[in-house]
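In case you want the letters, here they are:
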Amino acid sequence: MNVLLDHLPEFRDGFLGTLALTAASAALALILGVLIAGFRVSPVPPLRAFGTAWVTLLRNTPLTLLFLVAFFVVPLILFPGVSPFVLATLALGFYTSSFVCEAVRSGISTVPLGQAEAARSIGMTFMQTLRMIVLPQATRTVIPPLSSIFIALTKNSAIAGAFSNTELFNVSKLLSDKGFAIGWIFLWIALAYLVITFTISGIFRLLERRLEVAR
Amino acid sequence: MTASVLYDAPGPKAKVRNRLYAVGGSLAILALLVFAVLRLDAKGQLNPELWDILNYANVRTNILNGVLTTLQVFAVAAVLSLVLGVLLAVGRLSDHKPIRWLATGFIELFRAIPLLITIYALWVLFLSYQSELGFTGEGTQFWALVIGLTVYNGSVQAEVLRAGINSVSKGQREAAYAIGMRKTQVMTTILMPQAIRAMLPTIISQLVVTLKDTSLGFVITYEELLYTLRLMAQNTTINEQDTYLPLIVAGGVIYVAMCLALSSLATWIERRGRRAKTGIAVAEAGQALTAGDAMAPIDGATTPGPVDKTKE
């Protein structure tokens, strides 16, 4: 009990850190994921190949390895002295984007054939078809898998704590190094994660209900 | 819907335009790569001497040992997590309320907590009771990693198996009871085999996640592949430069190869199962469950089962 009350500022910072990391990398993953999904269904072969390579590569790499790449190779390419938060966001966002891409792609394939055919028959281009007809309708089927992807992202963000980011794992490490009983720390940290994941799944369930239509 | 439904068969103009996009896109991707290579070259990271360390005998032995350790952790954790998965799945479907609640609570708790936190807590716990538990040296980290992986992946496998068991058509169970089988017999000889067959692709996809997650041993300083690489990269300096790049690239190739091998096995089984005309339908090798080591931790009930195409 005391661990939480005595170290409320640390826990709060950790909680906010996890939230910030999750939000930032979720935004990055969403943008990249939709873009790459567009690549994967596009009529241009090199872009399709790029999309496939992106997904295969990122989905089969351990996230910890991506973190190593982000923290030791990316600064060499870009510029040294990038904040750990940005690097962690890059690693998490890129990793998650491959899962978002797959979810969006399978969402695209659930839109009834007639929709795309109708769009084409009134002369829409690929971009128009995708942007105005297919993607808006795919949103509905993409929402449930997205919810679990973002929950996984929240949990994966714990790895960032091992790379000098302030978030919940980092806090648990800090406090157990100070000699507090790991059991209590574990319990409170677990509770904090439960709060975040419950919130995410609640938000998505709300979204799902709002977007629901009778078909 | 195949991709081609999204656009018309290209006419002469569209062909030219697509080719233009193709060239433009390839150039853009190429430019990014060239930029990265140039920057790395400017930092002296592409120096042949730097990459030559991959030829050193001791570096190779270390990498090999790292791979073997990773595979060892994976093998033990995979077997244990499957056993735990079966137990938890059966527990969750049990007729006795306390057992059902216990299994449900266990599954939901450990699926909701990041694996890293579990592993770390176990490690700290094991370290403080090291002598009582009889761990020596590396054993502490090994068991913290293995048990952490087992608890988390076991919970996920349990959900997968439960979805499989629920997808076995009701007639199977009823027929088994009708010929006088006991509960245990029905579960072990009728339901479980069909559930495992149906969910095999998904189970293997989750094993890929287990394999990837062995890299979390890095955080608790267990000398599996990733930690070995990091250690070597820090300690080996060529021209006063650390050797992260070559070692990370080598490690990445090894990890991707191992995971691809395992996931292509899942895809193969799925295809084979789809060809078969008899028995229960096989689940997709699927994104749904592997989609990031994750399903919603709250509503396990939404776990998608295989599509039963045999139903009329």
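Everything below is about the structure shown above.
Residues numbered from 1 in each chain as written. Chains lettered and ligands numbered in written order. Predicted model: local features only at pLDDT ≥ 70, side-chain atom pairs only at ≥ 80, totals over all residues. Heavy atoms only, no water.

1. Topic: the packing of aromatic side chains
Then, in step 1: Counting across every chain of the model gives 17 aromatic pairs over all chains.
Then, in step 2: Ring geometry for Phe126 of chain A and Tyr7 of chain B: centres 5.8 Å apart, planes at 75 degrees, overall edge-to-face. Within this pair, whereas Phe126 of chain A is found in helix α8 (residues 126-156), its partner Tyr7 of chain B is found in the segment before α1 (12-42), the two belonging to separate chains.
Then, in step 3: A relative accessible area of 17% means that Tyr7 of chain B is categorised as buried. (Phe/Tyr/Trp six-rings, centres within 6.5 Å; stacked < 30°, edge-to-face > 60°. Helix = DSSP H or I, 4+ residues; strand = E, 2+ residues; numbered from the N terminus. Buried < 20%, exposed > 50% of the residue type's maximum accessible area, 1.4 Å probe, protein only.)

2. Overview of unusual backbone geometry
Then, in step 1: A positive phi angle is found at Ser164 of chain A, which is not glycine, with a value near 50 degrees.
Then, in step 2: Here Ser164 of chain A shows up in the loop between α9 (158-161) and α10 (168-177).
Then, in step 3: Given a relative accessible area of 55%, Ser164 of chain A falls into the exposed group.
Then, in step 4: Within the chain, Thr221 of chain B stands out as a residue other than glycine whose phi angle is a positive 50 degrees.
Then, in step 5: Mapped onto the fold, Thr221 of chain B is located in the loop between α9 (183-213) and α10 (225-235).
Then, in step 6: A residue is classified by how much of its surface remains accessible, and Thr221 of chain B, at 30% relative accessible area, is partly exposed.

3. Some words on the pattern of salt bridges
Then, in step 1: Within the structure shown, the criterion is met by 10 salt bridges over all chains.
Then, in step 2: For Arg12 of chain A, the salt bridge goes to Asp13 of chain A, with nearest N and O atoms at 3.9 Å.
Then, in step 3: A salt bridge links Glu108 of chain B to Arg92 of chain B, with the shortest nitrogen-to-oxygen separation between them at 3.4 Å. Of this pair, Glu108 of chain B sits in helix α4 (residues 97-112) while Arg92 of chain B sits in helix α3 (residues 57-92), placing them 16 residues apart in sequence.
Then, in step 4: Assessed through its relative accessible area of 16%, Glu108 of chain B is described here as buried.
Then, in step 5: For Arg92 of chain B, a relative accessible area of 13% translates into the label buried.
Then, in step 6: Three or more residues are tied together by salt bridges with common partners; here these are Arg92, Glu108, Arg111, Glu159 and Arg162 of chain B. (Salt bridge = Lys/Arg side-chain N within 4 Å of Asp/Glu carboxyl O.)

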